[in-house]
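# Architecture at a glance
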Amino acid sequence: MYTITKEVYFCYGHRLMNHAGKCRHLHGHSVKASITIQQETLDGQGMVCDFADIRDCVEKYIDENLDHNFLLHKDDPIIPMLTAQNERFMALDEHPTAEVLSKMLYQYLKQSGFNVAQVALWETASAYACYHEN
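Throughout what follows, the structure given in this document is the object of discussion.

What counts as what
Residues numbered from 1 in each chain as written. Predicted model: local features only at pLDDT ≥ 70, side-chain atom pairs only at ≥ 80, totals over all residues. Heavy atoms only, no water. Salt bridge = Lys/Arg side-chain N within 4 Å of Asp/Glu carboxyl O. Helix = DSSP H or I, 4+ residues; strand = E, 2+ residues; numbered from the N terminus. Buried < 20%, exposed > 50% of the residue type's maximum accessible area, 1.4 Å probe, protein only. Phe/Tyr/Trp six-rings, centres within 6.5 Å; stacked < 30°, edge-to-face > 60°. Polar contact = N/O pair within 3.5 Å; in protein donor to acceptor, adjacent residues only side chain to side chain. Contact = heavy atoms within 4.5 Å. Pairing = 2+ DSSP bridges. Axes fitted to C-alpha atoms, helices over the stretch in contact; angles between N-to-C directions. Parallel < 35°, antiparallel > 145°, perpendicular 65-115°, else oblique. Left-handed = near helix turned anticlockwise from the far one by under 90°. Nonpolar A, V, L, I, M, F, W, Y, C, P; charged D, E, K, R; others polar.

Our focus in this paragraph is the pattern of salt bridges. Oppositely charged side chains can form a pair if their charged atoms are brought close together. Per the counting criterion, the structure on display carries 6 salt bridges. Notably, a salt bridge pairs arginine 15 with aspartate 76, separated by 2.6 Å at the nearest N-O pair. Remark: aspartate 76 occurs in the loop between strand 3 (69-73) and helix 2 (79-84) and arginine 15 occurs in the loop between strand 1 (2-14) and strand 2 (27-39); sequence separation between them is 61 residues. Residue arginine 55 pairs with aspartate 56 through a salt bridge whose shortest N-O separation is 2.9 Å. Aspartate 56 gets classed as partly exposed once you look at its relative accessible area, which sits at 45%.

This next bit is on the packing of aromatic side chains. The full count for this structure, using the stated rule, is 4 aromatic pairs. Centroid distance tyrosine 61 to tyrosine 108: 4.3 Å. Interplanar angle 20 degrees. Geometry classified as stacked. Here tyrosine 61 is found in helix 1 (residues 51-65), whereas its partner tyrosine 108 is found in helix 3 (residues 98-111), with 47 residues between them in sequence. Looking at tyrosine 61, the relative accessible area reads 14%, which means it is buried. Look at tyrosine 108 and you get partly exposed, because its relative accessible area is 23%. Ring geometry for tryptophan 122 against tyrosine 128: centres 4.1 Å apart, planes inclined by 35 degrees, an arrangement best described as tilted. The exposure class of tryptophan 122 is partly exposed, given its relative accessible area of 23%. Given a relative accessible area of 47%, tyrosine 128 falls into the partly exposed group.

Now for the side chain of histidine 29. Tracing the chain through its elements places histidine 29 in strand 2. Within the local environment of histidine 29, its side chain forms a polar contact with the backbone oxygen of glutamate 123, the two atoms lying 3.5 Å apart. Apart from residues lying up to four places away in sequence, histidine 29 is in contact with Phe10, Cys11, Tyr12, His14 and Glu123.

Our next topic: the pairing of strand 2. Where strand 1 meets strand 2, 13 bridges bridge the pair, whose relative direction is antiparallel. Within the sheet, the bridge partner assigned to lysine 6 lies in strand 2 and is isoleucine 35. By the bridge criterion, 6 bridges tie strand 2 to strand 5 (residues 116-124) in an arrangement that is antiparallel. Of the residues in strand 5, the one forming a bridge with lysine 32 is tryptophan 122.

Here helix 1 crosses helix 3 at 130 degrees, and the two axes come no closer than 10 Å. Taken as axis vectors, helix 1 and helix 3 run oblique relative to one another. Judged by the twist between their axes, the crossing of helix 1 over helix 3 is right-handed. Here helix 1 contributes Cys57, Val58, Tyr61 and Ile62 to the contact with helix 3, which in turn contributes Met104, Leu105, Tyr108 and Leu109. For the contact of helix 1 with helix 3, the per-class residue count stands at 8 nonpolar, no polar and no charged.

Honestly, it's all geometry; don't read function into it.
See below:
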């Protein structure tokens, strides 16, 4: 099995409403997403796929949905205030954790036709969450 990994970077804000620690407060992250694509055979160019194809696909999704956006659980009581102030946010069915964001990126890439092995989302320089299937 061949694999390649492409890293992309973006920023987002969030809070975890019922978290016992600091993450219950509004805050933001500058993150790195590490995307690994796999194939059993190489294409005619000797590649799993072009790194630029991964970048173009995922950066469009990130720009439209995640980058410089505020990610909240759909039941967060701050949503009406953000709406009233015409602030950008995304309400999620799940809590906006690194685990959930890595799964969102994984599923988008998979739906876009990539054979995704895993997506790791580095929330800090020393902590990351991964999502993969099987």
